[in-house]
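Understanding the architecture of this molecule
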Amino acid sequence: IEISIFPNPASENVNINFDYQGVDQLSIIVVNSVGQEVFRNSTNVSTGKVNLEISTSTWNTGIYFIKFQSEKGIKTEKLSVAK
């Protein structure tokens, strides 16, 4: 999966865009630097473009990890939040 995450660093919102190939249950999980989950979205995804906007306005400044988990495996991307 080619994933686009912007803006990075984020302050109020972050946009996640990617092209998905296949039909799967996809979980997008965001954890902070100490492993606490701050966001989770599980959905059935089919082939095509996926655009997701997540509010980061209540998150603390720091490094977060976005995990994309499906039957095909797990991919992790890094996100910075700066206020």
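For the structure itself, consult the block above.
So, how was this worked out
- Residues numbered from 1 in each chain as written.
- Predicted model: local features only at pLDDT ≥ 70, side-chain atom pairs only at ≥ 80, totals over all residues.
- Heavy atoms only, no water.
- Helix = DSSP H or I, 4+ residues; strand = E, 2+ residues; numbered from the N terminus.
- Buried < 20%, exposed > 50% of the residue type's maximum accessible area, 1.4 Å probe, protein only.
- Contact = heavy atoms within 4.5 Å.
- Core = buried A, V, L, I, M, F, W, Y, C linked by side-chain atoms within 4.5 Å.
- Pairing = 2+ DSSP bridges.
- Axes fitted to C-alpha atoms, helices over the stretch in contact; angles between N-to-C directions.
- Salt bridge = Lys/Arg side-chain N within 4 Å of Asp/Glu carboxyl O.

1. Regarding the side chain of Asn32
Tracing the backbone shows Asn32 in strand β3 (residues 24-32). What makes Asn32 buried here is its relative accessible area of 14%. Contacts of Asn32, omitting those with residues within four sequence positions, involve Val38, Ile63, Tyr64 and Phe65.

2. Points about the nonpolar core
Ile16, Phe18, Ile66, Phe68 and Leu79 are the most contacted members of the largest nonpolar core, which totals 20 residues. The set of elements that each furnish at least two residues to this core consists of β1 (3-6), β2 (13-20), β3, β5 (48-55), β6 (62-70) and β7 (73-81). Sort the elements by how many residues they give to this core and β2 lands first, with four residues. Dropping the residues within four chain positions of it, Phe68 is found in contact with Ile3, Ile16, Phe18, Leu26, Ser27, Ile28, Gly73, Ile74, Lys75 and Glu77.

3. Remarks on the environment of Gly73
Tracing the sequence through the fold places Gly73 in strand β7. Taking the C-alpha atoms as reference points, Gly73 and Glu12, 61 residues apart in sequence, are found 29 Å from one another.

4. Focus: the sheet that holds strand β4 (residues 37-45)
If you walk across this open sheet you meet the four strands as β4-β3-β6-β7, and the pairing is antiparallel. Of all strands in the sheet, those bounded by a partner on one side alone are β4 and β7. Averaged over all pairs of adjacent strands, the angle between strand axes in this sheet comes to 15 degrees, irrespective of strand direction. Across nine bridges, the pairing between β6 and β7 is antiparallel. If you follow Gly62 over to β7, its bridge partner there is Val81.

5. A look at the pattern of salt bridges
Between side chains of opposite charge, pairing is possible as soon as their charged atoms come close. With the rule as written, the count across this model stands at three salt bridges. A salt bridge links Arg40 to Glu37; its shortest N-O distance comes to 2.9 Å. For the salt bridge of Lys75 with Glu77, the shortest nitrogen-to-oxygen distance reads 3.7 Å. We classify Lys75 as partly exposed; its relative accessible area is 32%.

Remember that the coordinates give geometry; whether it matters functionally is a separate question.
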